[in-house]
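# Structural description and commentary
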Amino acid sequence: MSWTDAILAADRAAFLAVNGAHGEAADVWMTFLSEPLFWVPLYVLFLVLIKWRWGWRGLWLTVPVVAIMILCSDTGSVVLFKNTVQRLRPCHAPDLQGLVHLVNNHCGGKYGFISSHASNHFAMAVFMAGMLGGRPRWAAPLLLFWAALVAYSRIYLGAHYPGDVLAGALYGSLIGGLAFVLFRNIHQMVSER
């Protein structure tokens, strides 16, 4: 067995372990965690925290930077990865038919590498960690835990393999870090005028 086959087999086994450990209450919670509208109050809190830390100017400069960040993390996850790699989601994989636990028969698009949920939430978590500047100390770990929980829900719900989520988390973290650097540079240029 080649090393790539070994990685794919481990990814499949890890997926089946996470997806197979399901229950009614967890089904409900994981569905909520995976729903972007569920997090709207948290996104509003992010805006309040940005205003508190950076002022009105920082808040207004954040809006276009976040739009670019989400465009890169969300569209990039599809155009650069899903449409290029074309790895079937576990719920579409012929060898897993009958083995995948789907909640409300929701599967998503045909391809799953990389997870857009993981990419978007890790981008936002890393960006917000930068925006908060390490204050309070528990903010960055909590933000990363939040993104990891959303990413985990995608495996649980049968939409992604763990490798899809891990690659999405790495890609999103890179995009979030670059977005924070962009914001900081723009904010500094505007402040010096």
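Treat the numbers as computed from the prediction; the structure is a model and nothing was measured.

## Some details on the packing of helix α1 (residues 3–20) against helix α6 (residues 162–192)
Working note: a packed helix pair is described by the angle between its axes plus the distance between those axes. The N-to-C vectors of α1 and α6 enclose an angle of 100°; their axes lie 8 Å apart at closest approach. As far as their axial angle goes, α6 and α1 are roughly perpendicular. Between α1, through D11, A14 and F15, and α6, the contact on the second element is made entirely by P162, G163 and D164. For the contact of α1 with α6, the residue count by class is three nonpolar, one polar and two charged.

## Points about a nonpolar patch on the surface
Taken together, the side chains of L37, V40, V44, L45 and V48 present a nonpolar region at the surface, about 440 Å² in accessible area. Inspection of the secondary structure puts V48 in helix α3 (residues 40–85). Taking the relative accessible area as the measure of exposure, V48 reaches 49% and is therefore partly exposed.

## Regarding the state of the cysteines
Following the criterion strictly, the structure yields one disulfide and no others. The disulfide that involves C91 links it to C107, with 1.7 Å between the sulfurs. Between C91 and C107, the S-S torsion sits near 80°, and that sign places the bridge as right-handed. In this pair, C91 is assigned in the loop between α3 and α4 (116–132) and C107 in the loop between α3 and α4, connecting sequence segments 16 residues apart. We note that C91, like C107, is buried.

## Section: unusual backbone geometry
The omega torsion across F113 and I114 is 10°, close enough to zero to call that bond cis. Within the secondary structure, I114 sits in the loop between α3 and α4. Backbone geometry at Q86 places phi at a positive 55°, although glycine is not the residue there. Summarising the element assignment, Q86 is placed in the loop between α3 and α4.

What counts, and at which threshold
- Residues numbered from 1 in each chain as written.
- Predicted model: local features only at pLDDT ≥ 70, side-chain atom pairs only at ≥ 80, totals over all residues.
- Heavy atoms only, no water.
- Axes fitted to C-alpha atoms, helices over the stretch in contact; angles between N-to-C directions.
- Helix = DSSP H or I, 4+ residues; strand = E, 2+ residues; numbered from the N terminus.
- Parallel < 35°, antiparallel > 145°, perpendicular 65-115°, else oblique.
- Contact = heavy atoms within 4.5 Å.
- Nonpolar A, V, L, I, M, F, W, Y, C, P; charged D, E, K, R; others polar.
- Patch = residues over 30% accessible without salt bridge, like charges linked within 9 Å, V, L, I, M, F, W, Y side chains within 5 Å.
- Areas by Shrake-Rupley, 256 points an atom, 1.4 Å probe, with all protein chains shown as cover.
- Salt bridge = Lys/Arg side-chain N within 4 Å of Asp/Glu carboxyl O.
- Buried < 20%, exposed > 50% of the residue type's maximum accessible area, 1.4 Å probe, protein only.
- Disulfide = S-S within 2.5 Å.

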